[in-house]
Amino acid sequence: MSQTERTTGTQVQLMMTCLCDTFFDSVAQATVEVLEHVGCNVEVPEAQTCCGQPAFNSGDWDSTRKVVRHTCKTFDARKPTILPSGSCAHMVAHGYDLAFEKEDDLGEVQTFSKSVWELCDFLVNGLGVERWPGRFDAKISLHRSCHTRGTQTYQSAVKLLSSIEGVELVEFDESEQCCGFGGTFSVAYPNTSVSMGKLKIEMLTASKPDIVGAVDMACMMHLSGIAQKQGRPLNKLHVAEILMKALRNGQKQ
Amino acid sequence: MKTKQPIDAFARDLPREVRESVYVSSKAKYDKRLDSLNQSYTAPDSIRKLAGQIKQHTLENLPTYLGSAVEQLEKNGAKVHFAKDGQEANETILEIMRGVGATKLIKSKSMVSEEIHLNPFLEKHGCESIESDLGEFIVQLDNDMPSHIVTPIVHKNRKQIATTFQKAGIGEDYNDDPQTITRRARSFLRQKYIEAEVGLTGGNFVSAESGRIALVTNEGNARFSISANKTHIALIGIEKVVPSDKDMAVLLNLLARSATGQQLTVYTQFINGPKAAKQPDGPENMHVIFLDNERSNILGSEFKEILRCIRCGACLNVCPIYRQSSGHAYRAVYPGPVGAVLSPLLAGKKYPDYADLPKASSLCGACNEVCPVDIPLPELLLRHRNKAKQEGIKKASAGTPSMAGWSVLCSSPAMWKTSLRAGKAMDYISLNLIPVPAVQAWAKERTLPPFRGGKFRQWFKEHKRNKEA
């Protein structure tokens, strides 16, 4: 999708994602604060639920369409909708096209998908933010989150984080490898999923970073769930949380 | 852990040393691929996209290009056959052998011949068929199956191979030194090359412009297989045609780099027909068999992009599920992501038997990222999942929680919000006590974060009030 086709502006809506609605409220909160810092007025439509990805990846496209239609109705496609998740953003950008390719309302669905952005992508490519202010003293290994492939999310997150004073982004081996979550894959393929997760944790923590960062809480829920069970909890933060903490540290100075 | 998915069970039970060899070899090939592409090109991704367009264009116009390839091959003196399935291809090969009074065939590496199970067919009809690719030869001695498209014995170590050779009486004693193993295979196979009456190869690409067939090997065995014989049979899938010799160059530049990280394989041959009158040697008869085997059906389906595949194996090497489970987990000739898409389709009426393969993916997209012809593999895996769901194939959905109730919940905001409140109870119940298989599968080796349903919504309302105040 070319940048010009995408809906932008500072009157934005937040799609908090079902995982932030149920588990990671701090990430949604950080997202609001980050957006407000760059001058956005944030609305949170009450009727929102989920982007539809769990059913889509499971192959149940009838159920997917039901949820997607609800979601399209809930948000106003004339304003940008911001998601703190690379994988939900990917679902809207690519999955919706596929699930609706034979449907009469494909056009309406596409109008909505053009208004949807992942947070870092929106900051950098939607609003033109080049540097992030404040300070955050930490060595961070940033998990790539596979579903950001083919979008500007990961590059944008790297750009923002590396511009923060005090942040050191560390390289790690096998950054192209998946964490093993994969939605319902994680329960249908429990052995493979957990083995993949253990390997990923090993790679992400090899250089002993202070923080493991991500642009997607789904990967983090899986990875930190494994690490916790192993008795060595992961010090994890979503990129939105890092951006917010940097702002707060900056204010203290 | 208990699992309903056969590939997951296979991964769980895979011997540690097999997983280790698969992992080490996959990782090495992935790294070399990246280095090799980056050394040669400033924008490797754009060549990958171009190659994908070339193959897609050919597929969209396959009857035209196939027709022209046949015309050229016949002009060059080759005899062209079409086989609608494996049975027909096998019978054609047997007929050609009988026609020249042959009972001994030597074969260079050909995945298509694996697909149609040529070796057991010929043996059943009293013919000898010997694999000349070292890996395939070892697979044949062991009565095993290749576990990788490019490196068929990636699942074996040298000790196992030495034992195989000892059992088969190749060499006088047990010896697991790789050089000795190779030397022994070489002297055994040299004799077989001489004894053989017919040489069979595959074909990596066929140019519609010239009828030229490109054959790549690292052992030179394709050349050996045909040069000492009077008859050469090339068995080729119909999707291997490309419009021109120039297009072949684009694809050859990507094939070895994507497969093994080599700039080019050690041997690259171009063959466009039998020995010409003025040439001193070479096969006098050349037969080209174009195999359909479900390919026409795939071409007319929503899976047609899979026919772009040039069998480099890059998607296997990068796939985290393949790395955990190995190629044999996929129960078919083509493993990994490409196999998960292709095998159910090649199975024809037996589609349901393989409908679980597309579930063996976290949809991470790494396969698409490395594919030299840019096949949208995750999309095709998703299409399979939807097809399996629509056709109610149980094998595919085993272990995946049903989404029907969830979709009702997610399209009714009132119910959703109620469940956010009710979910609080989760904090007080051990996950292991909840009798839902999905939750148990999650909780065995993972904890769930504390439930904080609705907390953000509450915060935001206050936040908004404070801002307005």
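Residues numbered from 1 in each chain as written. Chains lettered and ligands numbered in written order. Predicted model: local features only at pLDDT ≥ 70, side-chain atom pairs only at ≥ 80, totals over all residues. Heavy atoms only, no water.

## Here we look at the packing of helix 3 (residues 44-60) of chain B against helix 12 (residues 245-259) of chain B
Residue and element names in this part refer to chain B. Across the interface, helix 3 lies against helix 12 with an axial gap of 10 Å and an inter-helix angle of 130 degrees. The orientation of helix 3 with respect to helix 12, classified from their angle, is oblique. The crossing of helix 3 and helix 12 is left-handed. On helix 12, the residues that touch Ile47, Arg48, Leu50, Ala51, Ile54 and Lys55 of helix 3 are Asp247, Val250, Leu251 and Leu254. Per-class residue counts for the contact of helix 3 with helix 12 are seven nonpolar, no polar and three charged. (Axes fitted to C-alpha atoms, helices over the stretch in contact; angles between N-to-C directions. Helix = DSSP H or I, 4+ residues; strand = E, 2+ residues; numbered from the N terminus. Parallel < 35°, antiparallel > 145°, perpendicular 65-115°, else oblique. Left-handed = near helix turned anticlockwise from the far one by under 90°. Contact = heavy atoms within 4.5 Å. Nonpolar A, V, L, I, M, F, W, Y, C, P; charged D, E, K, R; others polar.)

## Some words on the sheet that holds strand 1 (residues 79-83) of chain B
Residue and element names in this part refer to chain B. Judged by pairing direction, the sheet is parallel, and its six strands sit side by side in the order 1-10-7-4-2-3 without closing on themselves. Bordering the open sheet on either side are strand 1 and strand 3 (128-131), each of which pairs with just one other strand. With direction set aside, neighbouring strand axes in the sheet form an average angle of 20 degrees. Relative to strand 4 (residues 198-201), strand 2 (residues 104-107) runs parallel, the two sharing three bridges. Paired with Ile106 across the bridge in strand 4 is Gly199. Docked against the sheet, helix 10 (residues 178-195) engages strand 2 and strand 3, running at close to 135 degrees with respect to strand 3. (Pairing = 2+ DSSP bridges.)

## Some words on the packing of aromatic side chains
The geometry of an aromatic ring pair comes down to the distance between the two centres and the angle between the two planes. Under the defined criterion, the tally for this structure stands at 15 aromatic pairs over all chains. Measuring from centroid to centroid gives 6.0 Å for A:Phe23 and A:Phe24, while their planes differ by 55 degrees, and the two rings are tilted. Assigned by exposure class, A:Phe23 and A:Phe24 land together as buried. An aromatic cluster is built from A:Phe23, A:Phe24 and B:Phe451, whose rings are joined through pairwise contacts. (Phe/Tyr/Trp six-rings, centres within 6.5 Å; stacked < 30°, edge-to-face > 60°. Buried < 20%, exposed > 50% of the residue type's maximum accessible area, 1.4 Å probe, protein only.)

## So, the UniProt feature "domain: Cysteine-rich" (unreviewed entry) in chain A
All names here are of chain A. As recorded in UniProt, the sites labelled "domain: Cysteine-rich" (unreviewed entry) are residues 15-92 and 141-223. The distance from the first to the last C-alpha atom of residues 15-92 is 11 Å, and the span holds 58% helix and 8% strand. For residues 141-223, the helix share is 46%, the strand share is 13%, and the end-to-end C-alpha distance is 14 Å. (UniProt positions renumbered as here; feature names shortened; annotations may be inferred.)

## Focus on the sheet that holds strand 2 (residues 41-43) of chain A
Residues and elements named next belong to chain A. On the basis of which strands lie adjacent, the open sheet formed by four strands has the order 2-1-3-4 and parallel pairing. Each of the sheet's edge strands pairs with one partner strand only, and the pair in question is strand 2 and strand 4 (116-118). For this sheet, the mean inter-axis angle between neighbouring strands, taken without regard to orientation, is 35 degrees. Looking at chain direction, strand 3 (residues 81-83) and strand 4 are connected through three bridges and run parallel.

## A short note on the environment of B:Asp374
Residues and elements named next belong to chain B. Tracing the chain through its elements places Asp374 in the loop between helix 17 (366-370) and helix 18 (377-390). According to the relative accessible area criterion, Asp374 is buried, its value standing at 18%. A C-alpha to C-alpha distance of 10.0 Å links Asp374 and Ser46, two positions 328 residues apart in sequence.

## What about the nonpolar core?
If you look at the biggest cluster of nonpolar residues, it comprises 113 residues, and the most contacted ones within it are B:Ile93, B:Leu122, B:Phe205 and B:Ile306. In this structure B:Ile93 touches B:Leu105, B:Leu118, B:Leu122, B:Leu200, B:Ile233, B:Leu235 and B:Ile289, once residues within four positions along its chain are discounted. Counting residues in each nonpolar core, the second largest holds 71 residues, with A:Leu160, A:Ile201, A:Met217 and A:Met244 among its members. (Core = buried A, V, L, I, M, F, W, Y, C linked by side-chain atoms within 4.5 Å.)

## Digging into helix 1 (residues 6-13) of chain B
Inspection of helix 1 of chain B places B:Ile7, B:Asp8, B:Ala9 and B:Ala11 among the buried residues, and these make up the whole buried set. Along its buried surface, helix 1 of chain B packs onto helix 9 (185-188) and helix 10 (190-205) of chain A together with helix 2 (16-40) and helix 15 (320-325) of chain B.

## Comments concerning the pattern of salt bridges
Throughout the structure, instances matching the rule amount to 47 salt bridges over all chains. Between A:Glu43 and A:Lys79 there is a salt bridge, and its shortest N-O distance comes to 2.7 Å. One end of the pair, A:Glu43, is in strand 2; the other, A:Lys79, is in the loop between helix 4 (61-74) and strand 3, and 36 residues separate them in sequence. Residue A:Lys79 is classed as partly exposed on the basis of its relative accessible area of 22%. Across the pair B:Glu379 and B:Arg383 runs a salt bridge whose closest N-O atoms are separated by 3.2 Å. Here B:Glu379 pairs with B:Arg383, and both are found in helix 18, just four residues apart, close to one helical turn. Residue classification places B:Glu379 among the partly exposed residues on the basis of a relative accessible area of 27%. With a relative accessible area of 7%, B:Arg383 lands in the buried category. Shared partners join several salt bridges into a network, and the residues in it are A:Asp62, A:Arg65, A:Arg69, A:Glu103 and A:Asp105. (Salt bridge = Lys/Arg side-chain N within 4 Å of Asp/Glu carboxyl O.)

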